[in-house]
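A closer look at the structure
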Amino acid sequence: AAMAAKGGFVPTKFTPDAAEAVVRLCEGPCLDLHSRSVGPSGVHALAQALVDHKEKKITELNLYLNRLEVEGAREVKEMLDRVALRALNVRNNSLGVSGAKVMAQCIATNNSLVELNLDANGMSFEGIKAIAAALPRNGSLRSLSLAYNRAGPKGAQALARALKENKILTQLDFEGNNIKNASVDLLLACMESGISVLNLACNGIPDKAAVAMAKFFAPHHPSSSSTPSSPPHTIARPPRELNLRSNNIGVRGLTALALATEAWGAMSKHKEDDVNNRSPDKRFAPKLDLVYNTKGKEGNRILVILELLRYIPLLVLSETVADYIPERIYENKSLFI
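This report concerns the structure included in the present document. The residue count restarts for each chain, going from 1 along the sequence in the order it is written. The model is predicted, so local features are restricted to residues of pLDDT at least 70 and side-chain atom pairs to those at 80 or more, both for listing and for counting; the totals for chains, interfaces and linings are taken over all residues. To obtain the side-chain values, all non-hydrogen atoms of the structure were included, while hydrogens and water were left out.

What to know about the overall build of the protein chain
As a reminder, the rule being used: By definition, any uninterrupted DSSP run of H or I lasting at least four residues is a helix, any uninterrupted run of E lasting at least two residues is a strand, and each is numbered from the N terminus. With a 1.4 Å probe rolled over the protein chains alone, any residue whose accessible area is under 20% of its type maximum counts as buried; one over 50% counts as exposed, and the rest are partly exposed. Only heavy atoms matter for contacts: two residues are in contact if any of them lie within 4.5 Å across the pair. Here the open area of atoms and residues is found with the Shrake-Rupley method and a 1.4 Å probe, where only the protein chains shown may cover a residue.
Of the regular secondary structure elements, the protein chain holds twelve helices and eleven strands. A total of 337 residues make up the protein chain; the buried ones form 49% of that total. Here the contacts in the protein chain between residues at least 6 apart in sequence split such that 75% fall between residues at least 24 apart. Carbon and sulfur atoms form 51% of the exposed surface of the protein chain, whose accessible area is close to 16600 Å².

Structure below.
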């Protein structure tokens with residue numbers, strides 16, 4: 001038998017006796033069963049062992065890559081009805097749409113889970129829609145990971161609608177779902193709901209969408225001149241961390257997002273509600289990841305320029321690069337072009 005990372009042994013087949021031994025010998029709150037071919041029957045046995053050994057106080061369970069499929073999802077739901085777990089990882093278990101709907105039932109009824117990882121389960125739009133519909137009914141989940149589930153733009157829009165009714169979630173991972181322009185709606189919904197860590201990497205987000213995202217990302221004073229087609233801007237906090245790496249964002253989008261980030265850096269953490277009394281505080285600027293977007297010399301050069309702008313008041317830019325920089329940079333009196 002192989003040794004588990006947290007102590008105890010992990011059997012090659014999960015019979016009830018084996019499951020009981022794994023739980024009994026676990027040395028910490030986390031039971032890691034990554035890639036152990038647990039299967040649906042193993043989850044059933046594991047649930048009983050967790051109930052029988054409540055004194056072990058196991059609150060985190062990793063079932064990544066265990067061939068659970070839809071039947072395993074049902075067993076997981078039964079387990080969560082009996083065991084108060086705080087963190088559960090069922091990444092890469094071929095749950096599919098049917099399994100996603102079962103996990104949606106878990107989200108809607110469970111009040112102990114704080115962290116849930118459902119990455120790479122082939123949920124597609126229908127599965128993500130079911131998960132999204134369950135979120136407004138959940139009162140405990142803080143971190144949700146739905147990366148690489150083929151959600152598409154419609155999946156992102158369904159999630160955006162659900163987040164407007166969920167103010168509990170603080171971390172969302174939606175990497176690799178090919179959401180493209182729907183990223184704008186999702187970012188706005190995340191800002192309004194209070195998401196502090198958002199991962200939208202590898203989503204085919206185009207330059208035009210990134211520019212639109214920057215308009216909401218930048219701090220604005222609420223304006224009475226807003227129209228239905230242009231929603232009123234509020235002082236909604238942007239995500240503390242926003243990952244947009246490996247998309248299709250061009251120079252304009254990169255620049256607009258970087259400038260919006262720096263604008264937040266100019267706000268005082270303690271005076272964000274007083275728009276007339278703000279003092280510089282670079283620590284307040286969100287962490288923005290824009291690497292692996294625009295390719296070629298111009299893309300690399302603009303990233304270097306944006307980094308230099310944080311420290312150097314005078315900067316000479318070539319005409320080739322300057323042509324791509326938004327009007328707001330041209331108006332910056334500290335720049336000589």
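Some thoughts on the packing of helix α1 (residues 16-25) against helix α2 (residues 39-52)
Here is the rule we go by: Convention adopted: a line fitted to C-alpha atoms gives each axis, helices being fitted over their contacting stretch, and angles between N-to-C directions are expressed from 0 to 180 degrees. Any angle that falls under 35 degrees is termed roughly parallel, while one over 145 is termed roughly antiparallel, one within 65 to 115 roughly perpendicular, and all others oblique. Here is the rule for handedness: rotate from the far helix to the near one, and if that takes an anticlockwise turn smaller than a right angle the crossing is left-handed, while a clockwise turn gives right-handed. Polar here means any residue outside two lists: the nonpolar Ala, Val, Leu, Ile, Met, Phe, Trp, Tyr, Cys and Pro, and the charged Asp, Glu, Lys and Arg; Gly therefore counts as polar.
At a minimum axis separation of 8 Å, α1 and α2 run at an interaxial angle of 45°. As the angle between them shows, α1 and α2 are arranged oblique. Remark: the crossing between α1 and α2 carries right-handed chirality. Of the residues in α2, those in contact with Pro16, Ala19, Glu20 and Val23 of α1 are Ala45, Leu46, Ala49 and Leu50. Considering only residue class, the contact of α1 with α2 consists of seven nonpolar, no polar and one charged.

Focus on the pattern of salt bridges
Using the following cut-off: Salt bridge, as used here: a side-chain nitrogen of Lys or Arg that lies within 4 Å of a carboxyl oxygen of Asp or Glu.
Taken as a whole, this structure holds six salt bridges when the rule is applied. Of the charged contacts in the structure, one is a salt bridge between lysine 129 and glutamate 126, with a shortest N-O distance of 3.4 Å. Of this pair, lysine 129 and glutamate 126 both sit in helix α5 (residues 124-134), separated by three residues, roughly a single helical turn. A residue is classified by how much of its surface remains accessible, and glutamate 126, at 35% relative accessible area, is partly exposed.

As for the nonpolar core
Selection rule: Throughout, nonpolar core names a set of buried Ala, Val, Leu, Ile, Met, Phe, Trp, Tyr and Cys residues whose side chains join them through atoms within 4.5 Å.
With 83 residues, the main nonpolar core has Leu63, Val76, Leu88, Met103, Leu118, Phe174 and Leu186 as its most contacted residues. Top contributing element to this core by residue count: helix α4 (residues 96-109), with seven residues. Once residues within four sequence positions are removed from consideration, leucine 88 is found in contact with Leu61, Leu63, Val76, Leu80, Met103, Leu113, Glu115, Leu116 and Asn117.

A word on the side chain of asparagine 89
Our working rule: The definition of a polar contact used here is a pair of N or O atoms within 3.5 Å, where within protein one atom must be able to donate a hydrogen and the other to accept one, and adjacent residues in sequence count solely through side-chain atom pairs.
By the element assignment, asparagine 89 lies in strand β5 (residues 87-89). A polar side-chain atom of asparagine 89 sits 2.9 Å from the main-chain amide nitrogen of arginine 91. Leaving out residues up to four positions away in the same chain, asparagine 89 has contacts with Leu61, Asn62, Leu63, Tyr64 and Asn117.

Observations regarding the sheet that holds strand β4 (residues 60-62)
The line we're drawing: Here, a strand pair is defined by DSSP locating no fewer than two bridges between the strands.
The nine strands lie next to each other as β3-β4-β5-β6-β7-β8-β9-β10-β11, forming an open sheet whose pairing is parallel. Unpaired on one side and paired on the other, β3 (30-32) and β11 (287-289) mark the two borders of the sheet. When strand polarity is set aside, the average angle formed by the axes of neighbouring strands in this sheet is 5°. In terms of strand pairing, strand β6 (residues 115-117) meets strand β7 (residues 143-145) through three bridges, oriented parallel. What sits directly across from asparagine 117, in β7, is serine 145.

Things to note about unusual backbone geometry
Despite not being glycine, arginine 67 shows a phi value in the positive range, around 55°. At alanine 120, a position not held by glycine, the phi torsion is positive, near 50°. Secondary-structure assignment places alanine 120 in the loop between β6 and α5.

Digging into helix α8 (residues 207-217)
Formally: What the arc covers is the set of directions going from the helix axis to the C-beta atoms.
Turning to α8, its buried residues number three or more, namely Ala209, Ala210, Met213, Ala214 and Phe217. Buried residues of α8, seen end-on, are gathered within an arc of 145° and therefore sit on one face of the element. Exposed residues pointing more than 90 degrees away from the buried face of α8 are listed as Lys208 and Lys215.

A word on the side chain of asparagine 199
For asparagine 199, the position within the fold is in strand β9 (residues 197-199). A distance of 3.1 Å separates polar atoms of two side chains, one belonging to asparagine 199 and the other to aspartate 173. A polar atom in the side chain of asparagine 199 sits 2.8 Å from the side chain of glutamate 175. Contact partners of asparagine 199, with chain neighbours within four places excluded, come to Leu172, Asp173, Phe174, Glu175 and Asn243.

Some details on the environment of serine 145
The topology assignment puts serine 145 in strand β7. For serine 145, a relative accessible area of 10% corresponds to the buried category. Sequence spacing of serine 145 and asparagine 89 is 56 residues, and the spatial spacing of their C-alpha atoms is 9.3 Å. Setting aside chain neighbours within four positions, we find serine 145 in contact with Leu116, Asn117, Leu118, Asp119 and Asp173.

Considering the packing of helix α7 (residues 183-193) against α8
Two numbers describe how α7 lies on α8: the axes approach to 9 Å, and their chain directions differ by 15°. Taken together, the axis directions place α7 and α8 in an arrangement best described as roughly parallel. The two elements α7 and α8 cross, and the hand of that crossing is right-handed. Two secondary-structure elements touch here, α7 through Ser183, Val184, Leu187, Leu188 and Met191 and α8 through Ala209, Ala212, Met213, Phe216 and Phe217. Along the lines of polarity and charge, the residues of the contact of α7 with α8 split into nine nonpolar, one polar and no charged.

Remember that the coordinates give geometry; whether it matters functionally is a separate question.
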